[in-house]
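Here is how the chains run, residue by residue.
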Protein chains: 2
Amino acid sequence: MQQERCSSSDRPLDPGCVLACDAERSADRPGCAPVDFPVAVVLPAGGSGERMGLPAPKQFCTILNRPLISYTIQAFERLPWIGTVVVVVAKENHDLMLNIVQKFNHTKVNVVHGGTTRHRSIFSGLQAFCNTSNSLTPKPKVVIIHDAVRPFVEEDLLLKITLAAKEQGASGAIRPLVSTVIATTSEGYLDHSLERAKYRASEMPQGFLYDVIFQAYQRCSELDFEFGSECLHLALQYCGVNAKLIEGPPTLWKVTYKRDLAAAEAIIKETLSMSACIIAGAEAEATELAKTLQKNLNMMETDVIPCAKESNAGYLSKTRNFIHLSMTGSNSLGVLEMVKHFEDTDHARLYPVVIVWVQLNMTKQSVDSQKTDELTAFRILASEVIQGNVLLYGIQIEHTK
Amino acid sequence: MQQERCSSSDRPLDPGCVLACDAERSADRPGCAPVDFPVAVVLPAGGSGERMGLPAPKQFCTILNRPLISYTIQAFERLPWIGTVVVVVAKENHDLMLNIVQKFNHTKVNVVHGGTTRHRSIFSGLQAFCNTSNSLTPKPKVVIIHDAVRPFVEEDLLLKITLAAKEQGASGAIRPLVSTVIATTSEGYLDHSLERAKYRASEMPQGFLYDVIFQAYQRCSELDFEFGSECLHLALQYCGVNAKLIEGPPTLWKVTYKRDLAAAEAIIKETLSMSACIIAGAEAEATELAKTLQKNLNMMETDVIPCAKESNAGYLSKTRNFIHLSMTGSNSLGVLEMVKHFEDTDHARLYPVVIVWVQLNMTKQSVDSQKTDELTAFRILASEVIQGNVLLYGIQIEHTK
């Protein structure tokens, strides 16, 4: 199951979720050398988001109560082989950014101030590594430059970009052109159209040997700083490095317009709803039901575990959807344990955790008064845990063999 | 109010709503000559939608229970100066398309079969006008070629495209490039990057003198038919016509990926929620409340009218959100009248109509038993009208001066 999730390329991995499989992939996957050199990230986030027609710059717009930039940072932070993430913001957004770092518990971030253009901001980010007295930002071998507004960057692509940058000096993600590109005359008429097959859209992330891109910025002109935006171009022009180009998935797209926030939200929601954990207990009937459920939830990634104890913490941290099966007569202790665990691990901070408690009644005995008491207790519990972003539902199934 | 709505470019006009202002604009706007020559549309819709990873081609995917292509057709049908809309579909989707035409009451559509490539399909569409015995598709002066998957095309742009095509022979919508475009070497390395400012993305719609584009297709090669996709290029290469390029709004984008459906839905929902009609009755207190409401709903376009009678049909057809104010003691007759009007005009077929009935109690008299009866009657009414896609809500406000 885990392997399937890792290799699926249609859907991005949950950007806000530390996946157990991430750590395994970089080291264990055949054909992929592990990253055994220091890698850092520069995230220019100084944009004003004019194109969206929103008061806040788009990187600070929230999706499901979390700023876009926090998803992007998390996409890097979850990878053990990536060190510091230097976030370059406009001076007026410094405090806002520090608040985000604190609220969403980002641990690898170093916030620096940017310049007036994209190139100036990236150069500011790169200069953060020159200060050798700052142990937070040791000079990396490879630096990845990304956009704060591309939250769905996957490890697979980051690995390819990083390894190609180490080998070639520079690398960049590309996508096929969606529209034909045309050259215009100065009077606003068609001059000629480009043959689509020969060109690509240059996207992010891009990777560079730190020394290459730093040197390129040191050598480039004021004109480049003012009007340029393409890092690959600087590496070529000022260091003679032809970047290796790597085709990325469509989810790499840049959140540019207001409508893109709705699109990003849809992707995040779909990703969150695509996995579940079934806690089956020890009874044979529950285990059987769990297996049937797992079979029928074949669109989702499901795990079946016997209990929500500490030893299964890995499974519990992988998803936010839980189905807790138990037999009539058993109390809601298992559910309580689980809620406690989520409180301790702060698992519901970003998104709600959904727990469906299914009580199976396989006998014909039913003590109505006991049931009513249970129901009341469960309702009270549900109304309490909702404060901690845990949504608790109960289902009772009466079934005789 | 109406004028403001017409000139707003941030948000597309409701694609499914016949706007009273549309008809006015083409004739009355200063600087814009009216379209006094026949204009038709060709909508190639033969695509398979592979990029979305969905079973249905993307033009047939539904947004709020309506296929994407139906929104696009409606965007043209609502304009009185546009004649036939030729929709070109793959043979296997012919019946599906006819069902859509019938279900969503499209009146200007002629469905024809397409070829195996985009250019072949467009040519099939153009050939539909050659059959002079078919009075449904008289030969137009100007033909607009558009994409079935760009539902938010506005009259303003269509007018500019049409008039420029009449004058220059060809015209096309363009957008700035979102990404840098790069040329690649055959080994997958960066060759060079293009200077972004000199190039544009060629989008849709495009307009042509019918004779120009038809001749271009008659002259073009098998290679063009097989591998080309840019109509402007054909007009240039085979008829020597340099198209006039016109910058379009960002909402022109092409629904390409699954996430774009979520983005399109967000745009449609926002548009639907941005207008309301307040029915204030004759009483002074209700009129006063209506004015206060209108002032406070300043994010929305609101109209205040005295009653939901036939004479106000224009206001009623402009929105799907209604606030009906009345004084205690008055019955729900006004609401009933309105529901009846919407049934007759089929106004709630595409989207729900929302009616909030606000009953103002300005006196201290309150006859509890009468109230309960009213409440019951209102609830029954609400549960009945929901079948016809009308959502009815009631609010009672107790207020003494």
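Since we're looking at a predicted model, the values are computed, not measured. (Residues numbered from 1 in each chain as written. Chains lettered and ligands numbered in written order. Predicted model: local features only at pLDDT ≥ 70, side-chain atom pairs only at ≥ 80, totals over all residues. Heavy atoms only, no water.)

Student: Can you walk me through the overall build of chain A in this structure?
Tutor: Helix and strand content of chain A: 14 helices and 16 strands. Across the 401 residues of chain A, 53% fall into the buried class. If you take every contact in chain A between residues at least 6 apart in sequence, the share linking residues at least 24 apart comes to 76%. Counting every atom, chain A has about 17,900 Å² of accessible surface; 53% of that belongs to carbon and sulfur. (Helix = DSSP H or I, 4+ residues; strand = E, 2+ residues; numbered from the N terminus. Buried < 20%, exposed > 50% of the residue type's maximum accessible area, 1.4 Å probe, protein only. Contact = heavy atoms within 4.5 Å. Areas by Shrake-Rupley, 256 points an atom, 1.4 Å probe, with all protein chains shown as cover.)

Student: What exactly am I supposed to notice about the interface of chain A and chain B here?
Tutor: Think of interface size as the accessible area that goes away when the parts come together; that is how it is often given. Taken residue by residue, the interface counts 48 residues in chain A and 48 residues in chain B. Between chain A and chain B, roughly 4,000 Å² of surface is buried when both sides are summed, and carbon and sulfur atoms account for 55% of that area. When the buried area of chain A at its contact with chain B is split by residue, Y189, L190 and R259 of chain A rank highest and sum to 18% of it. Inspection of the region where chain A meets chain B yields 25 residue pairs in polar contact (both at pLDDT 80 or more). Elements supplying a minimum of two residues to the side of chain A that touches chain B: β7 (170–175), β8 (180–184), β9 (190–193), β10 (199–209), α9 (231–239), β11 (244–247) and α10 (258–272) of chain A. At seven residues, α10 of chain A tops the list of elements feeding residues into the side of chain A that touches chain B. (Buried area = accessible area lost by both parts, 1.4 Å probe. Polar contact = N/O pair within 3.5 Å; in protein donor to acceptor, adjacent residues only side chain to side chain.)

Student: For this particular structure, what's the right way to read empty space enclosed by the protein?
Tutor: Empty pockets left among the atoms are what a rolling probe the size of a water molecule brings to light. By the definition in use, this model includes five cavities of 30 Å³ or more. What the largest cavity holds in volume is close to 770 Å³. If you go around the largest cavity, you meet 35 residues; those closest to its centre are V178, S179 and W253 of chain A together with V178 and S179 of chain B. Those elements that place two or more of their residues in the lining of the largest cavity are β10 and α10 of chain A together with β10 (199–209) and α10 (258–272) of chain B. (1 Å grid on protein atoms, 1.4 Å probe; cavity = no way out; pocket = protein on both sides within 12 Å on 5 of 7 lines; lining within 4 Å. Points joined across faces, edges and corners; volume = space filled by probe spheres on them.)

Student: In this structure, what is going on with the relation of the copies chain A and chain B? I would like to understand it.
Tutor: Note on the identical chains: chain A maps onto chain B by a rotation of 180° and an axial translation of 0.0 Å, with an RMSD of 0.1 Å. On the angle and the small slide along the axis, the relation comes out as a two-fold axis. No C-alpha of chain A approaches the rotation axis more nearly than that of A263 of chain A, which lies at 2.5 Å. A share of 100% of the interface residues of chain A reappears at the interface of chain B, consistent with the copies meeting face to face through the same patch. (Least-squares fit on C-alpha atoms with pLDDT ≥ 70 in both.)

Student: Would you mind going over the sheet that holds strand β16 (residues 390–398) of chain A with me for this structure?
Tutor: Strand pairing in a sheet takes place through backbone hydrogen bonds and is either antiparallel or parallel in direction. Residues and elements named next belong to chain A. Sheet architecture is open: five strands sit in the order β13-β12-β14-β15-β16, paired in parallel fashion. Each having just a single partner strand, β13 (301–305) and β16 make up the two edges of the open sheet. Averaged over all pairs of adjacent strands, the angle between their axes in this sheet comes to 20°, without regard to strand direction. Taken together, the nine bridges between strand β15 (residues 353–361) and β16 define a ladder with parallel strand orientation. Bridge assignment links I355 to a residue of β16, and that residue is L392. Each of β12 (275–279), β14 (321–327), β15 and β16 touches helix α13 (residues 333–345); the most contacted strand, β15, lies at about 170° to it. (Pairing = 2+ DSSP bridges. Axes fitted to C-alpha atoms, helices over the stretch in contact; angles between N-to-C directions.)

Student: Quick question: what am I supposed to make of the pattern of salt bridges here?
Tutor: Pairs may arise between side chains of opposite charge once their charged atoms sit close together. Summed over the entire model, instances satisfying the criterion amount to 22 salt bridges over all chains. For the salt bridge of E270 of chain B with K258 of chain A, the shortest nitrogen-to-oxygen distance reads 3.2 Å. Of this pair, E270 of chain B sits in helix α10 while K258 of chain A is found in helix α10, placing the two residues in two different chains. By relative accessible area, which is 30% here, E270 of chain B ends up partly exposed. Its salt-bridge partner being E226 of chain B, residue R120 of chain B comes within 2.2 Å of it at the nearest N-O pair. In this pair, R120 of chain B sits in helix α5 (residues 118–127) while E226 of chain B sits in helix α8 (residues 222–227), placing the two residues 106 residues apart along the sequence. Residue class for E226 of chain B comes out partly exposed when judged on its relative accessible area of 36%. Connected through salt bridges with shared partners, the residues R118, D147, R150 and E203 of chain A form a single ionic network. (Salt bridge = Lys/Arg side-chain N within 4 Å of Asp/Glu carboxyl O.)

Student: Quick question: what am I supposed to make of unusual backbone geometry here?
Tutor: The bulk of non-glycine residues show a negative phi, and the bulk of peptide bonds are trans. Going from M204 of chain A to P205 of chain A, the amide bond is cis rather than trans, its omega being 5°. By the element assignment, P205 of chain A lies in strand β10. Here the phi dihedral of N65 of chain A falls at roughly 70°; this positive angle occurs in a residue that is not glycine. The class for N65 of chain A is exposed, based on a relative accessible area of 66%. Although it is not a glycine, N389 of chain B adopts a positive phi angle of roughly 70°. Looking at where N389 of chain B falls in the secondary structure, it is placed in the loop between α14 (368–385) and β16 (390–398).

Student: How should I be thinking about the sheet that holds β16 of chain B in this particular structure?
Tutor: Residues and elements named next belong to chain B. If you trace the five strands from one edge of the open sheet to the other, you get β13-β12-β14-β15-β16, paired in parallel fashion. A strand with exactly one partner marks an edge of an open sheet, and here the two such strands are β13 (301–305) and β16. Sheet twist, expressed as the mean angle between neighbouring strand axes with direction ignored, is 20°.

Student: What is the right way to read the packing of α5 of chain B against helix α7 (residues 210–219) of chain B from this model?
Tutor: If you want to describe how two helices pack, look at the angle between their axes and the distance between the axes. Residues and elements named next belong to chain B. Two elements in contact, α5 and α7, have axes separated by 10 Å at closest approach and are oriented at 130°. Judged by the angle between their axes, α5 and α7 are oblique. Along this stretch, α5 crosses α7, giving a crossing that reads as left-handed. Counted together, H119, I122, F123, L126 and Q127 of α5 and Y210, I213, F214, Y217 and Q218 of α7 form the full contact between these two elements. Class assignment for the residues of the contact of α5 with α7 results in seven nonpolar, three polar and no charged. (Parallel < 35°, antiparallel > 145°, perpendicular 65-115°, else oblique. Left-handed = near helix turned anticlockwise from the far one by under 90°. Nonpolar A, V, L, I, M, F, W, Y, C, P; charged D, E, K, R; others polar.)

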